[in-house]
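Working through the structure, step by step
The primary structure of each chain is shown beneath.
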Amino acid sequence: MLACAAYMALLYGFIFLPVAVLALFSFQDGRFPIPPFRGFTLRWHEAVLSDEDLMAALANSLGVAGLSSLVALALGFFAARAVASGCLPGATAIRAALTAPLSVSYLVIGLGLLASLNLMGLRLSLATVAIGHVVINTPLCFAICAAALGPPQQAAERAARDLGAREWQVMALVTAPMILPALLAAFLLSVTFSWDEFIIAFLLSRFDVTLPVEIWSLLRSGLNPKTNAIGSVVFLVSALAVLSIELAILRRR
Amino acid sequence: MTAPIEIAGLTRRFGATRALDGIDLEVPAGAFCVLLGPSGCGKTTLLNIIGGFDDPDTGRLSIGGRDMIGVPAAQRPTTTVFQDYALFPHMTLAENVGFGLRMRGQSRARRAARAEAMLDLVGLAGQGAKRPAALSGGQRQRVALARALAVEPDVLLLDEPLGALDLNLRRQMQAELKAIQAKVGVTFVHVTHDQEEAMAIADLVVVMDAGRIEDAGPPERVYRAPRSRFAATFLGDMNMLPGRVTGGRVETVLGPLGDATALAEGTMALACIRPEHLSAAGHTTLAPLTTARIVDAVFQGTHRKLTCLGDSRQGTTLVAHLPATAAAAPGDLLTLSVDPEMVTVLPA
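A brief structural summary. Nothing here was measured: the structure is a model prediction, and the numbers come from that model. (Residues numbered from 1 in each chain as written. Chains lettered and ligands numbered in written order. Predicted model: local features only at pLDDT ≥ 70, side-chain atom pairs only at ≥ 80, totals over all residues.)

Notes on the overall build of chain B
A tally of regular secondary structure across chain B gives eight helices and 20 strands. Structurally, chain B occupies a C-alpha span of about 75 × 45 × 35 Å along its principal axes. Counting across all 348 residues of chain B, residues that qualify as buried make up 45%. Taking as baseline every contact in chain B between residues at least 6 positions apart, the subset at least 24 positions apart corresponds to 63%. (Helix = DSSP H or I, 4+ residues; strand = E, 2+ residues; numbered from the N terminus. Buried ≥ 20, exposed ≤ 12 C-beta atoms within 10 Å, placed from the backbone. Contact = placed C-beta atoms within 7 Å.)

See the structure below:
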């Protein structure tokens, strides 16, 4: 029992110690976020909140995450319904092709998109970053939706059609509400992935950037408790999103 | 609101198997039609085609005189009670029942009133605010029925609706289905593999096998004078005595039997007798058919089922249902007789 508790403490320590240290030194009263801890101040948090570039990047990140996740969810949901309907020839191949990008590195996807956007003559902006995030999150949303759709949904859809529902009504009034927890989980997971994503956002943005890119440029000028402060804010937002996912799924059990 | 169904020359293939192989059927408006047959006989395929969930390869289907081929399920005057109920789990019972009316653009108030009336019809009055998860299987079945009837279809399709219920509940639901059908007057097409269920509720029994209709008619007629060998045996035990048609009768090992005037002289035929139409001497004034030795006697509550070996050179096995009070033990000799009216003749 004691050994178990000790093991658990070690494990959680291993996972959460870096985050705890990061958060702790965002309150460092001094110029360097390194031990020893000299005293408690909210100076760096103030500095973050009054930094217009950082705040703009935070708003950009939220916008890109929300919008790209909505699009990825819609695409993933439609694709999952089509594959689950069973009347699609080559459904297995389509399923494999849709989920395969999950295993491709973000760097490769980012470089590929950069080349494609150049070819198409599209200028880099937050919109291109959002497109990149739709590309990485659609397979994820598809996989989650496809796992949630099964015979009960198909039977209910059939009954809805029998009672006179049009296809969009079947989707909006029957299918989507039946798998709402999965849709919510897929959306929030997409938001967290987009929120944290650096390499694609870095490659596909120019003047307006997302938060991870802004933090990266901040880091280039050396370590500073301000980076810790913004880091803890980022962590807080991600943690809230993940917590919401767990609540969404557990509430239904 | 009710309508007749007319089906002609309907075929449906799945790969090499013929799920439906030339179906001709007319169901009058307001009838309670039961499609009866073993699994794989094509009855569910036929129901799916009537409901618009599947298309036939060839043939015609019309409901109320309107051609239905190519018309999607949503636009047919049919609704379906599915085997797995297929209720909407995220909606209340009232929302479930009112769903079809919502799709027809009816106001919230009218939907609520109609849902309450339909729930009342199926014996779930005042439970509209519950969710399907809070109900038992039998209750879900009722909600599915109310939901399908709420839109006032001309034809209601029922896909083995009682298959998942236990025997007592099943018998009770059969009686209720029959009563509800009489009340609403809608044409019902009900699929089952349970012959007792079919005979209990049908106005028109359609016996199917291997994609073909073996017999169709009122249950009494189909049971007593089936038109095919399959229909005869599927509806219950049947003694079948082969013989050649001679002088308008079937010349069996037990003597000439039945009325075979419809068959050509000299062809082979079967004289068919239900076990309950065989009676023992002492219980009847009929002429004796044969003496037989009892091989096996099984008490079945309402009757005693006897397996006997007929007194003939071929040693024909006969199954007879005698009153439960009849004293009969294996080894006993018995004189069996039959009412000639109750002998049915089928071509062999």
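A look at the interface of chain A and chain B
How big an interface is tends to be stated in terms of the accessible area lost upon association of its parts. Contact residues are listed per partner, giving 15 residues for chain A and 17 residues for chain B. When contributions to the side of chain A that touches chain B are tallied by element, the ones reaching two or more residues are helix H7 (151–162) and helix H8 (167–178) of chain A. Considered class by class, the residues forming the side of chain A that touches chain B number nine nonpolar, two polar and four charged. (Nonpolar A, V, L, I, M, F, W, Y, C, P; charged D, E, K, R; others polar.)

Here we look at helix H3 (residues 108–121) of chain B
Helical geometry: 3.6 residues make up each α-helical turn, so side chains three or four residues apart lie on a common side. All names here are of chain B. With 14 residues, H3 extends 20 Å from end C-alpha to end C-alpha; this agrees with the ideal 20 Å at 1.5 Å per step. Within H3 the residues assigned to the buried category are Arg 111, Arg 114, Ala 115, Glu 116, Met 118 and Leu 119. Buried positions along H3 lie against helix H2 (93–103) and helix H4 (137–150). Directly after H3, the chain includes Gly 123, whose backbone phi takes a positive value near 80 degrees. (Expected span 1.5 Å × (residues − 1).)

Notes on the sheet that holds strand S12 (residues 249–252) of chain B
All names here are of chain B. The sheet built from five strands is open, its strands ordered S13-S12-S11-S14-S20 with antiparallel pairing. Pairing within the sheet leaves two strands with one partner each, and these edge strands are strand S13 (255–257) and strand S20 (344–347). Each strand of the sheet is rotated relative to its neighbour by a mean of 45 degrees, with strand direction disregarded. (Pairing = 2+ DSSP bridges. Axes fitted to C-alpha atoms, helices over the stretch in contact; angles between N-to-C directions.)

Regarding the sheet that holds strand S9 (residues 204–209) of chain B
Residue and element names in this part refer to chain B. Sheet architecture is open: six strands sit in the order S6-S7-S8-S3-S9-S10, paired in mixed fashion. At either margin of the open sheet sits one strand with a lone partner, and together these are strand S6 (78–81) and strand S10 (212–217). On average, adjacent strands in this sheet sit at an angle of 20 degrees to one another, irrespective of strand direction. Note: strand S3 (residues 32–36) against strand S8 (residues 187–192), five bridges, orientation parallel. Paired with Leu 36 across the strands is Thr 192, a residue of S8.

A few points about unusual backbone geometry
A negative phi angle characterises most non-glycine residues, just as the trans form characterises most peptide bonds. For Ala86(B), which is not a glycine, the phi torsion comes out positive at approximately 50 degrees. Inspection of the secondary structure assignment puts Ala86(B) in the loop between S6 and H2.

Some thoughts on helix H3 (residues 52–84) of chain A
Taking 1.5 Å as the rise per residue, H3(A) with 33 residues should run 48 Å; its terminal C-alpha atoms sit 47 Å apart, in good agreement. Taken from the residues just after H3(A), Gly86(A) is the one with a positive phi, measuring 80 degrees.

Structural notes on the environment of Thr45(B)
Along the chain, the position of Thr45(B) falls in helix H1 (residues 43–51). With 154 residues separating them in the primary sequence, Thr45(B) and Met199(B) have C-alpha atoms 21 Å apart.

Remarks on the packing of helix H6 (residues 126–148) of chain A against helix H9 (residues 180–196) of chain A
Residue and element names in this part refer to chain A. The geometry of H6 relative to H9 is characterised by a closest axis approach of 9 Å and an angle of 155 degrees between their N-to-C directions. As far as their axial angle goes, H9 and H6 are roughly antiparallel. The two elements H6 and H9 meet at a crossing, and its hand is right-handed. Between H6 and H9, the residues in contact are His 133, Ile 136, Asn 137, Leu 140, Cys 141, Ile 144, Cys 145 and Ala 148 and Ala 182, Leu 183, Ala 185, Ala 186, Leu 189, Ser 190, Phe 193 and Ser 194, respectively. Looking at the contact of H6 with H9 residue by residue, the class counts come to 12 nonpolar, four polar and no charged. (Parallel < 35°, antiparallel > 145°, perpendicular 65-115°, else oblique. Left-handed = near helix turned anticlockwise from the far one by under 90°.)

Focus: the nonpolar core
What tends to happen in soluble globular proteins is that the nonpolar side chains get buried as a cluster. Of all hydrophobic cores here, the largest spans 160 residues; its most connected members are Cys145(A), Ala186(A), Val205(B) and Val206(B). By residue number, the principal contributor to this core is H6(A), which donates 13 residues. Other than its neighbours up to four places away in sequence, Val205(B) contacts Val34(B), Leu36(B), Ala198(B), Met199(B), Ala216(B), Gly217(B), Pro219(B) and Val222(B). (Core = buried A, V, L, I, M, F, W, Y, C linked by C-beta atoms within 7 Å.)

Points about the pairing of S10(B)
The two faces of the sheet receive side chains in turn, since in a regular strand these alternate between them. Residue and element names in this part refer to chain B. As judged from the five bridges shared by S9 and S10, these two strands associate in the antiparallel manner. If you follow Asp 209 over to S10, its bridge partner there is Arg 212. Hairpin connection of S9 to S10: two residues between the antiparallel strands, including Ala 210 at a positive phi of 50 degrees.

Digging into the packing of H3(A) against H9(A)
All names here are of chain A. Contact pair H3 / H9: the axes reach a minimum separation of 8 Å and the direction vectors enclose 140 degrees. As judged from the angle between their axes, H3 and H9 are oblique. Judged by the twist between their axes, the crossing of H3 over H9 is right-handed. Residues Ser 61, Val 64, Ala 65, Gly 66, Ser 68, Ser 69, Ala 72, Leu 73, Gly 76 and Phe 77 of H3 form the contact with H9, whose participating residues are Leu 183, Ala 186, Phe 187, Ser 190, Val 191, Ser 194 and Trp 195. Here the residues of the contact of H3 with H9 are counted per class, giving 10 nonpolar, seven polar and no charged.

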